[in-house]
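# Overview (structure and organization)
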Amino acid sequence: METAAQAAPAAPATGPAVIVAIDGPSGTGKSSTSRAVAARLGMSFLDTGAQYRAMTWWMTGNGVDVSDPSAVAALARKPAIVSGTDPKAPTITVDGADASGPIRTPEVTANVSAVSAVPEVREVITGLQRSIAASAPHGIVVEGRDIGTTVLPDADVKIFLTASAEARAARRSGELGATTGAAVAATKEALIQRDAADSTRKASPLAKAADATEIDTTDLTLAQVIDRIVALVEEKRAAK
Ligand SMILES: Nc1ncnc2c1ncn2[C@@H]1O[C@H](COP(=O)(O)OP(=O)(O)OP(=O)(O)O)[C@@H](O)[C@H]1O
Ligand SMILES: Nc1ccn([C@H]2C[C@H](O)[C@@H](COP(=O)(O)O)O2)c(=O)n1
């Protein structure tokens, strides 16, 4: 039978298992950085945004009115969301179906902040996240919005990534192949709105943990950010 922590990386760990929490607003580089750090250090990787997107995909696909928190809350325990944590090939399934493509649609992106603000949704997904982290054999890099503050407050290393809205919009637009001035402006506006919704919700909002190291990635390459975080994790491993 599959478990939530399936497909952990096979690479041997080079030191004690550490838990790394990486949070920050949209487009700051959390996923790309976390995957690379985990792959380099032989650790597991968990994209928690993908779990909230999977829940949102299930809700919209099953005709749930996602603007009604009580309708979402009533069904939050129904979907079986399973994350594969190999950083070289992360996976996500919902009720056994591959959800990696469908969770990236504009419809899911437009609705995910509303669904993830529902406390019952957070309770279910936070439980999954803690159980995956607890069973990662060589440690794990978990990225999201509330990992250092709420999900894993005792994480060994906490990072909070930031970047200017302009840099984030340019990166995201480049990824989508929509680089006209109007497209970048629309992407920037959408990022700002999603960050505002995620930061102001009552249940476990996007926030920097008091003991997190903030890294502004605006003028850093992806490789520089990865190197900095790998150094912090290696320092922590050496001290353990
Ligand atoms: N330091 C960097 N310099 C340039 N581009 C970067 C940097 N970090 C990430 N990117 C690029 O920016 C885009 C967004 O990165 P990524 O998806 O990792 O961000 P994220 O914080 O996980 O976003 P979201 O929260 O929306 O899922 C990707 O195309 C990635 O390759
Ligand atoms: N720990 C988390 C991770 C994600 N979310 C919500 C808020 C985001 O807008 C959405 C999608 O995340 P992304 O794929 O863009 O990283 O999921 C959250 O509330 N808590």
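Below or above, wherever it landed, is the structure these notes cover. Worth saying up front: this structure is predicted, and the values here are computed from it rather than measured. (Residues numbered from 1 in each chain as written. Chains lettered and ligands numbered in written order. Predicted model: local features only at pLDDT ≥ 70, side-chain atom pairs only at ≥ 80, totals over all residues. Heavy atoms only, no water.)

### Points about the site of ligand 2
Around ligand 2, 16 residues are found, and the nearest of them are Arg53, Arg122, Arg194, Asp198 and Arg201. Here an oxygen atom of ligand 2 and a side-chain polar atom of Arg53 are 2.7 Å apart. With respect to ligand 2, the side chain of Arg145 contributes an N or O atom lying 2.9 Å from an oxygen atom. Against a free-state accessible area of 450 Å², the protein chains account for coverage of 96% of ligand 2. A per-element tally of the shell around ligand 2 places helix H2 (residues 48-61) first, with four residues. (Near = heavy atom within 4 Å. Polar contact = N/O pair within 3.5 Å; in protein donor to acceptor, adjacent residues only side chain to side chain. Areas by Shrake-Rupley, 256 points an atom, 1.4 Å probe, with all protein chains shown as cover. Helix = DSSP H or I, 4+ residues; strand = E, 2+ residues; numbered from the N terminus.)

### A short note on the sheet that holds strand S4 (residues 91-94)
In a beta sheet, neighbouring strands are held together by backbone hydrogen bonds and run either parallel or antiparallel to one another. If you walk across this open sheet you meet the three strands as S3-S4-S5, and the pairing is antiparallel. At either end of the open sheet lies a strand with only one pairing partner, and these are strand S3 (81-84) and strand S5 (97-98). The pairing of S4 with S5 spans two bridges and is antiparallel. What sits directly across from Val94, in S5, is Ala97. Against the sheet, H2 makes contact with S3, S4 and S5, and its axis sits at roughly 25° relative to S4, the strand it touches most. (Pairing = 2+ DSSP bridges. Contact = heavy atoms within 4.5 Å. Axes fitted to C-alpha atoms, helices over the stretch in contact; angles between N-to-C directions.)

### Re the site of ligand 1
What surrounds ligand 1 is a group of 17 residues, the closest being Lys30, Ser31, Ser32, Arg172 and Leu220. Gly27 has a polar backbone atom sitting 3.0 Å from an oxygen atom of ligand 1. Within the contact set of ligand 1, an oxygen atom lies 3.1 Å away from a backbone nitrogen or oxygen of Thr28. Alone, ligand 1 offers 630 Å² of accessible surface; in the complex the protein occludes 81% of this. Going through the elements one at a time, helix H1 (30-41), helix H7 (165-176) and helix H9 (222-239) are the ones with two or more residues in the shell around ligand 1.

### Thoughts on the pattern of salt bridges
By the definition in use, this model includes eleven salt bridges. Between Glu166 and Lys188 there is a salt bridge whose closest N-O contact spans 2.8 Å. Here the residue Glu166 occupies a position in helix H7, and Lys188 occupies one in helix H8 (residues 181-200), the gap between them amounting to 22 residues. On the basis of relative accessibility, which here comes to 47%, the residue Glu166 falls in the partly exposed class. Residues participating in the shared-partner salt-bridge network are Arg145, Asp198 and Arg201. (Salt bridge = Lys/Arg side-chain N within 4 Å of Asp/Glu carboxyl O. Buried < 20%, exposed > 50% of the residue type's maximum accessible area, 1.4 Å probe, protein only.)

### Here's the deal with the pairing of S3
Alternating residues of S3 divide into Ile81 and Ser83 and Val82 and Gly84, and every residue in both groups is buried. When S3 meets S4, the two strands line up antiparallel, connected through four bridges. By the bridge assignment, Gly84 is partnered in S4 with Thr91. What sits between the antiparallel neighbours S3 and S4 is a turn of six residues.

### Side note on the packing of H7 against H8
The packing of two helices is summarised by the inter-axis angle and the distance between the axes. Interhelical geometry of H7 versus H8 gives an angle of 115° and a closest axis separation of 8 Å. Pair H7 / H8 crosses with right-handed handedness. Every residue of H8 that contacts H7 at Ala165, Glu166, Arg168, Ala169, Ala170, Arg172 and Ser173 is listed here: Ala183, Val184, Thr187, Lys188, Leu191, Ile192 and Asp195. In terms of residue class, the contact of H7 with H8 is made up of seven nonpolar, two polar and five charged. (Left-handed = near helix turned anticlockwise from the far one by under 90°. Nonpolar A, V, L, I, M, F, W, Y, C, P; charged D, E, K, R; others polar.)

### What to know about the sheet that holds strand S8 (residues 213-216)
The five strands lie next to each other as S2-S6-S1-S7-S8, forming an open sheet whose pairing is parallel. Either end of the sheet is taken by a strand with one partner, and the two such strands are strand S2 (44-47) and S8. Going from strand to strand, the sheet's axes swing by 20° on average, the running direction of each strand aside. Two strands pair when backbone bridges link them, and strand S1 (residues 19-23) and strand S6 (residues 140-144) are joined in this way by five bridges, in the parallel orientation. Within S6, the residue paired with Ile22 across the bridge is Glu143. In the packing of H1 onto the sheet, the strands contacted are S1, S2, S6 and strand S7 (157-162), and the crossing angle to S6 comes to about 180°. Sheet strands in contact with H9 are S1, S7 and S8, and its direction is about 165° off that of S7.

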